[in-house]
Amino acid sequence: MSVWRRYLVKDVTGRLVDLPSSLLDRADDGTAPLPHFAGRCVELVAAVIVGDRKTHARVTELAFTKMYFDQMGYVDAAKRERMIRLMLESCADRRCTPPRRDGRHEDCARLSRRAGAARDQLIREFGWEPKPDERDAALSRLDPARLRATRPEPARTLH
């Protein structure tokens, strides 16, 4: 069984087109830019696929995210760091336990507010909500059997 990633990018006409993971990886690690994305924010569909590459491959995770590129066409490092920081902050309330009488409830309430604010900001800056036809187009390219078998649940924006 194999696990791999696939990316689709919404082009200027609104169509979803393939973006090879090797190209995105090089733009992310600073070894080769994507000049046609220079200075832009692009809407990206990121998929994790599990299975045999020839048959029975299934999308196990689907995220609709925004990716920012600097003026050279590399993934914008400052935006990437901000996204990671917001992702970490969005988990701050997961350490909380049910309210007790020792004052920890106030700490948890503060952490919960902080995490909620980070989640909201993360969605605003780094997520996009696909239209139903965009979602179907992504699934038809990435996992056509899933699209035919059942209507998918709404995807979560994870990054």
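These remarks concern the structure in this document. (Residues numbered from 1 in each chain as written. Predicted model: local features only at pLDDT ≥ 70, side-chain atom pairs only at ≥ 80, totals over all residues. Heavy atoms only, no water.)

## What to know about the overall build of the protein chain
A tally of helices and strands in the protein chain yields five helices and four strands. Ordering the α and β elements of the protein chain from the N terminus gives β-β-α-β-β-α-α-α-α. For the protein chain, with 159 residues in total, the buried portion stands at 33%. Long-range contacts, defined here as pairs at least 24 residues apart, represent 65% of the contacts in the protein chain between residues at least 6 apart. Just so you have it, the protein chain exposes about 10,000 Å², and 53% of that area is on carbon and sulfur atoms. (Helix = DSSP H or I, 4+ residues; strand = E, 2+ residues; numbered from the N terminus. Buried < 20%, exposed > 50% of the residue type's maximum accessible area, 1.4 Å probe, protein only. Contact = heavy atoms within 4.5 Å. Areas by Shrake-Rupley, 256 points an atom, 1.4 Å probe, with all protein chains shown as cover.)

## A closer look at helix α4 (residues 132-142)
In an α-helix, one turn spans 3.6 residues, which is why side chains three or four residues apart end up on the same side. Among all positions in α4, only E134, R135, A138, L139 and L142 are buried. Viewed end-on, α4 has its buried residues packed into an arc of 130°, placing them on one side of the element. Facing away from the buried side of α4 by over 90 degrees, the exposed positions are P132 and D133. (Arc of directions from axis to C-beta.)

## A short note on the sheet that holds strand β1 (residues 2-10)
Pairing is antiparallel across the open sheet formed by four strands, whose spatial order is β2-β1-β3-β4. Each edge of the open sheet carries a strand with a single partner, namely β2 (16-19) and β4 (58-68). For this sheet, the mean inter-axis angle between neighbouring strands, taken without regard to orientation, is 30°. (Pairing = 2+ DSSP bridges. Axes fitted to C-alpha atoms, helices over the stretch in contact; angles between N-to-C directions.)

## Let's talk about the pattern of salt bridges
What the rule picks out here adds up to twelve salt bridges. For D18, the salt bridge is made with R6, and the minimal N-O distance between the two is 2.7 Å. In this pair, D18 is assigned in strand β2 and R6 in strand β1, connecting sequence segments twelve residues apart. For D18, a relative accessible area of 41% corresponds to the partly exposed category. Residue D28 pairs with R80 through a salt bridge whose shortest N-O separation is 2.8 Å. With D28 in helix α1 (residues 21-29) and R80 in helix α2 (residues 77-89), this residue pair connects regions lying 52 residues apart in the sequence. According to the relative accessible area criterion, R80 is partly exposed, its value standing at 24%. One connected set of salt bridges, linked through shared partners, spans R6, D18 and R141. (Salt bridge = Lys/Arg side-chain N within 4 Å of Asp/Glu carboxyl O.)

## Some points on a positive patch on the surface
A surface patch of positive charge is lined by R95, R110, R113 and R114. In this structure, R110 sits in helix α3 (residues 104-126). (Patch = residues over 30% accessible without salt bridge, like charges linked within 9 Å, V, L, I, M, F, W, Y side chains within 5 Å. Lys, Arg positive; Asp, Glu negative; His and termini not counted. Charge placed at Lys NZ, Arg CZ, Asp CG, Glu CD.)

## Description of the packing of aromatic side chains
Counting across every chain of the model gives three aromatic pairs. Arranged with centres 5.6 Å apart and planes meeting at 80°, the rings of Y68 and F126 form a pair that is edge-to-face. With Y68 in strand β4 and F126 in helix α3, this pair connects stretches of sequence that are 58 residues apart. Each member of the pair Y68 and F126 is classed as buried. Above the face of the Y68 ring, K79 is positioned so that its terminal group lies 4.4 Å from the ring centre. (Phe/Tyr/Trp six-rings, centres within 6.5 Å; stacked < 30°, edge-to-face > 60°. Lys NZ or Arg CZ within 6 Å of the ring centre and 35° of its normal.)

## Re the environment of V9
You can see V9 is positioned in strand β1. With sequence-adjacent residues up to four places away left out, V9 is seen in contact with R15, L16, V17, L19, F37, V42, E43 and L44.

## Considering the environment of P144
Looking at the element boundaries, P144 is found in helix α5 (residues 144-149). Note on P144: relative accessible area 36%, which makes it partly exposed.

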